[in-house]
Amino acid sequence: MKNLGKIVLFLFLAISAVHAGVRATVDSTKVEIGEMVTYSLHLSGQDIVRPSIQTLCGVDVISTSSQTSIEMINGDISRSNILSYKFIPQKNCIIEPIEVEIGTEKQKSNSVSIEVSEIAINQDSDFILILESEKEEVYVGEPFELTLIFKQRKDAEAVDSKFTPPELKGFWIKGESKPQRVDDGKYSLTKIKYMIAAQRVGTLSIKKAQMRIASRSSSRDSWGSWSPKIKWKTYFSNDLHVDVKALPAGVDLVGDFKINADIDKKEINAGEAVNITIEVSGDGNLEDIKSFKPHIDGVSTFDEKIVLSEVKLTQKIAFVADSDFVIPPFSIKYFDPKIKEIKTISTDSIAIKVKNEKPKEELTIKRESRASDTEVLTSSNEISNLWLIVVFTVGLVSGILLMLMQPWKLRSKEKNISIKDPKVLLVKLLPYKEHADVQTMINNIEKSIYSDNKITIDKKLIKEIVQRYDIR
């Protein structure tokens, strides 16, 4: 009796070796596109080397599983291993035989054919996915709305779901709404709206969105028994095609805009800043609008980074000057697709009054009158000896005075301008801004005064600049 177990095990192994083989099956040979198929390899025998299967029917395998069982068929005992691979075929295909190493031999499975048909969508379908475009014809950069609608029958059961958004290659996604849910008779509707804009000219395609739905079903398992299970099915939306046209030459903006400039004051003191805020609002490619910073002679200008929201662009600019000046109009040029015309909109120019302005120093060159050549020749002989004496005397006295008084030290003290008040320092530097190093220092001081990002001023460099250009 003790040897009976060993004998049964020996017979079992012997029978398993005799019945070594591979058989391939699928749970369904006819499916609709989006339905999941389970491909199974039934393996019998000893020392099975599990095959590596990554793709089936040209698509990736979603998941794998395995199970082992012992069966008795017509009195024969067999040990079976089942390897299962789940995938979603996209077209008709044939799964070619799979080679599996069992023991010392290599066995091949049978081939399996799968027929894939398009989903028959009708008004009574449990789940429906729809893509709708606000426009079929747009210009490059023109925003338009894309709506995704998911419909689910109220009596349709969904255990789980996984959503894959539409592929928007060739489009900028400018915004996406939160899902909105509404009831429509027998269906519950979920809507998502995308604001997009085309990046290039041509016919662009919007690929299908996908919704994978898991529902309960029952079917026979690999051993012939009925059992409940979760079945996944993928539902696809329609795809769309959009005709994209080029903008007219010389125009980068498209849409419908408004522009406004708000200034904090129109009268300032010399060296004080006047701040202006520019706002552009409307429906269009606001992100392509560049800085409005103007160039005004005699005025230092500092612009902040553009701030952009969905429907509004904002930019702040500061101006510093020592005399009256005019801020020129700010304008944008764009193409209006509704009326198919190019428009230009602008703000008004703004005059700024500067009080206590620093008078401009006029550069005058005085030319001494020269005596005639005859007079010079006549008087030169008379004063030559006297001139030599005077020059020698003056030079001697000047040398002594320089050594005693050392005026260069006094001058350095005079040039030691305090930088405790950056605005005063800025005013003193402005007349010399034609020099590159002075302009750089002016820019740094402006940022220190008018920007949120404070900059540490190099005192040593200021002293060098003051001495170099004799700034008082």
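Keep in mind it's a predicted model, so treat the numbers as computed, not measured. The residue numbering used here restarts from 1 in each chain and proceeds along that chain's sequence as written. Totals for whole chains, interfaces and linings use every residue, but because this is a predicted model, local features are given only for residues with pLDDT of at least 70 and side-chain atom pairs only at 80 or more, for both listing and counting. As a rule here, side-chain values come from all non-hydrogen atoms in the structure, and water together with hydrogens is ignored.

Draft legend 1. Expanded view of the overall build of the protein. Along the protein, the regular secondary structure elements total six helices and 33 strands. Within the protein, buried positions represent 35% of all 472 residues. Between two residues, a contact is recorded if the distance between any of their heavy atoms is within 4.5 Å. In the protein, of all internal contacts separated by at least 6 residues, the share reaching a separation of at least 24 is 66%. Computed with a 1.4 Å probe, the accessible areas rest on the Shrake-Rupley method; for each residue, only the protein chains presented here act as cover. As displayed, the protein has an accessible area near 29800 Å², and 52% of this comes from carbon and sulfur atoms. Secondary structure follows DSSP: runs of H or I at least 4 residues long count as helices, runs of E at least 2 residues long count as strands, and numbering of each begins at the N terminus. The buried label applies to any residue whose accessible area, calculated with a 1.4 Å probe on protein chains only, is under 20% of its type's maximum; exposed applies above 50%, and partly exposed to all values in between.

Draft legend 2. Layout of the packing of aromatic side chains. Note on ring pairs: Phe, Tyr and Trp rings are taken, using the six-membered ring of Trp, and paired if centres are within 6.5 Å. Classes follow the plane angle, with under 30 degrees stacked, over 60 edge-to-face and the rest tilted. As enumerated under the stated definition, the model contains eight aromatic pairs in all. Geometrically, the ring pair formed by Phe144 and Phe171 is edge-to-face, given 6.1 Å between the ring centres and 70° between the ring planes. Residue Phe144 is found in strand β15 (residues 143-153), and its partner Phe171 is found in strand β17 (residues 171-176); the two are separated by 27 residues along the sequence. Assessed through its relative accessible area of 5%, Phe171 is described here as buried. Three or more aromatic residues joined by ring pairs form one cluster here, namely Phe127, Phe150 and Tyr235. Two thresholds decide whether a charge sits over a ring: the Lys NZ or Arg CZ must be within 6 Å of the ring centre and within 35 degrees of the ring normal. Above the face of the Tyr187 ring, Lys151 is positioned so that its terminal group lies 4.8 Å from the ring centre.

Draft legend 3. Representation of the sheet that holds strand β30 (residues 325-327) within the structure. With mixed pairing, three strands are arranged side by side in an open sheet as β25-β33-β30. The open sheet has two edge strands with one neighbour each: β25 (267-269) and β30. Pairs of neighbouring strands in the sheet enclose a mean axial angle of 35°, with direction left out of account. Pairing between strands requires that DSSP locate at least two bridges from one strand to the other. Of the strand pairs in this sheet, β25 and strand β33 (residues 350-355) are connected by three bridges, and their pairing is parallel. Note on β33: the bridge partner recorded for Ile268 is Val354. Every axis in this analysis is a line fitted to C-alpha atoms, fitted for helices over the stretch in contact. Angles between the N-to-C directions lie between 0 and 180 degrees.

Draft legend 4. The pairing of β33, seen in detail. Burial of the side chains of β33 is restricted to one face: Ile350, Ile352 and Val354 are buried, whereas none of Ala351, Lys353 and Lys355 on the reverse face is. Where β30 lies against β33, three bridges are found, and the strand directions are antiparallel. Considered in β33, the bridge of Ile327 is made with Ile350.

Draft legend 5. Spatial organisation of the environment of Ala209. Position of Ala209 among the secondary structure elements: in the loop between β20 (202-206) and β21 (210-220). What makes Ala209 buried here is its relative accessible area of 0%. On a C-alpha basis, the gap between Ala209 and Tyr235 in space is 8.4 Å, while along the polypeptide they are 26 residues apart. If sequence neighbours within four positions are ignored, Ala209 has contacts with Leu129, Leu131, Leu148, Phe163, Thr164, Pro165, Pro166, Tyr235, Phe236 and Ser237.

Draft legend 6. Examining helix α5 (residues 436-450) more closely. Under the convention used throughout, the expected extent of a helix is 1.5 Å for every residue step, that is, one less than its residue count. Across its 15 residues, α5 extends 21 Å between first and last C-alpha, which sits within 8% of the 21 Å expected from 1.5 Å per residue. Three or more residues of α5 are buried, namely Val438, Met441, Ile442, Ile445, Glu446, Ser448, Ile449 and Tyr450. Projected down its long axis, α5 shows its buried positions confined to an angular sector of 165°, all on one face. Taking the helix axis as origin, the arc is that swept by the directions to the C-beta atoms.

Draft legend 7. Structural view of the sheet that holds strand β4 (residues 48-49). In space, the three strands of this open sheet follow the order β4-β10-β11, with antiparallel pairing throughout. The outermost strands of the open sheet, each flanked by one partner alone, are β4 and β11 (105-108). Looking at chain direction, strand β10 (residues 99-102) and β11 are connected through four bridges and run antiparallel. The partner of Glu99 across the bridge, within β11, is Lys108.

Draft legend 8. Geometry of the state of the cysteines. Any pair of cysteine sulfurs within 2.5 Å is marked as a disulfide. What the rule picks out here adds up to one disulfide. One disulfide in the model links Cys57 with Cys93; its S-S distance is 1.9 Å. In this structure, the disulfide formed by Cys57 and Cys93 twists by about 65° around the S-S bond and is classed as right-handed. With Cys57 in the loop between β5 (55-56) and β6 (59-60) and Cys93 in strand β9 (residues 93-95), the pair connects residues that are 36 residues apart, well separated along the chain.

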